[in-house]
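Secondary and tertiary structure notes
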Amino acid sequence: MNPYMEFAHKTDLAYSALCHSLCRELNLPQTAFDILLFLANNPECDTASDIVELRKIKANLVSVNVNRLVEEGVPGDRRKTRLLCTKQAQPIIDKGRALQAQFAARLLSGMSARQRQAFADAAAVINHNLDEILQEVH
């Protein structure tokens, strides 16, 4: 497997594995948890189509899980286009963000501050290059 693809794949697998026990504790499917944290962490991306496009979650799964979250009183009003997290969702969001911070810390453990900065710099360059490629294509 291509090392870049393997890195992305293993990152996704490790994150999902780390989320498993929290999702079980919260009685939330992983997809609902991912949607909720996506909305909380990216308030400017607040539509179902944003979730489909940016998180690459299938539209039917977004619809089912958003409806489930709304029924449980987690995000906002399903009759509106914009999806907003309510105060009821905050304890779940707090636990999810703590898990994400733990994951990031574990992912970067053993790296010096200089290595972390080099990784961040490389990611910024790659992100810039991706933006240029996308602008050329569109």
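Here, every reference points to the structure presented above.
First, a word on scope: everything that follows refers to the structure included in this document. (Residues numbered from 1 in each chain as written. Predicted model: local features only at pLDDT ≥ 70, side-chain atom pairs only at ≥ 80, totals over all residues. Heavy atoms only, no water.)

Moving on to the overall build of the protein chain. Scanning the protein chain for helices and strands turns up six helices and zero strands. Order of helices (α) and strands (β) in the protein chain, N terminus to C terminus: α-α-α-α-α-α. Principal axes of the C-alpha set define a box for the protein chain whose edges measure 45 × 40 × 30 Å. Going through the 138 residues of the protein chain one by one, you find that 28% of them count as buried. In the protein chain, the proportion of contacts linking residues at least 24 apart, taken out of those at least 6 apart, comes to 50%. Side-chain charges in the protein chain split into 16 positive and 16 negative, and the spacing between the mean points of these groups amounts to 7 Å. (Helix = DSSP H or I, 4+ residues; strand = E, 2+ residues; numbered from the N terminus. Buried < 20%, exposed > 50% of the residue type's maximum accessible area, 1.4 Å probe, protein only. Contact = heavy atoms within 4.5 Å. Lys, Arg positive; Asp, Glu negative; His and termini not counted. Charge placed at Lys NZ, Arg CZ, Asp CG, Glu CD.)

Further remarks concern helix 2 (residues 30–41). Under the 1.5 Å per step criterion, the end-to-end length of helix 2 is 16 Å for 12 residues, consistent within 8% with the ideal 16 Å. Summarising burial for helix 2: nine of the 12 residues are buried, a large majority. For helix 2, the set of buried residues is Ala32, Phe33, Asp34, Ile35, Leu36, Leu37, Phe38, Leu39 and Ala40. Packing partners of the buried residues in helix 2 comprise helix 1 (3–26), helix 3 (48–55), helix 4 (59–71) and helix 5 (90–108). (Expected span 1.5 Å × (residues − 1).)

The subject of this paragraph is the pattern of salt bridges. Side-chain pairing between opposite charges can occur once the charged atoms of the two side chains come close. Here the structure, examined in full by the defined rule, presents three salt bridges. Put simply, Glu25 and Lys95 hold a salt bridge, and the shortest N to O gap is 2.8 Å. Separated by 70 residues along the polypeptide, Glu25 in helix 1 and Lys95 in helix 5 bring together distant segments of the chain. Residue class for Lys95 comes out partly exposed when judged on its relative accessible area of 37%. Salt-bridge contacts for Arg55 lead to Asp34; the nearest nitrogen and oxygen are separated by 3.3 Å. You can see Arg55 sitting in helix 3 and its partner Asp34 sitting in helix 2, a full 21 residues away along the chain. In this structure Asp34 comes out as buried when scored by relative accessible area, which is 13%. (Salt bridge = Lys/Arg side-chain N within 4 Å of Asp/Glu carboxyl O.)

Once that is clear, we can look at the packing of aromatic side chains. What describes a pair of aromatic rings is the distance from one ring centre to the other and the angle between the planes of the rings. Following the criterion strictly, the structure yields one aromatic pair and no others. For the ring pair Tyr15 and Phe103, a centre distance of 5.4 Å and an interplane angle of 70° mean the geometry is edge-to-face. Separated by 88 residues along the polypeptide, Tyr15 in helix 1 and Phe103 in helix 5 bring together distant segments of the chain. (Phe/Tyr/Trp six-rings, centres within 6.5 Å; stacked < 30°, edge-to-face > 60°.)

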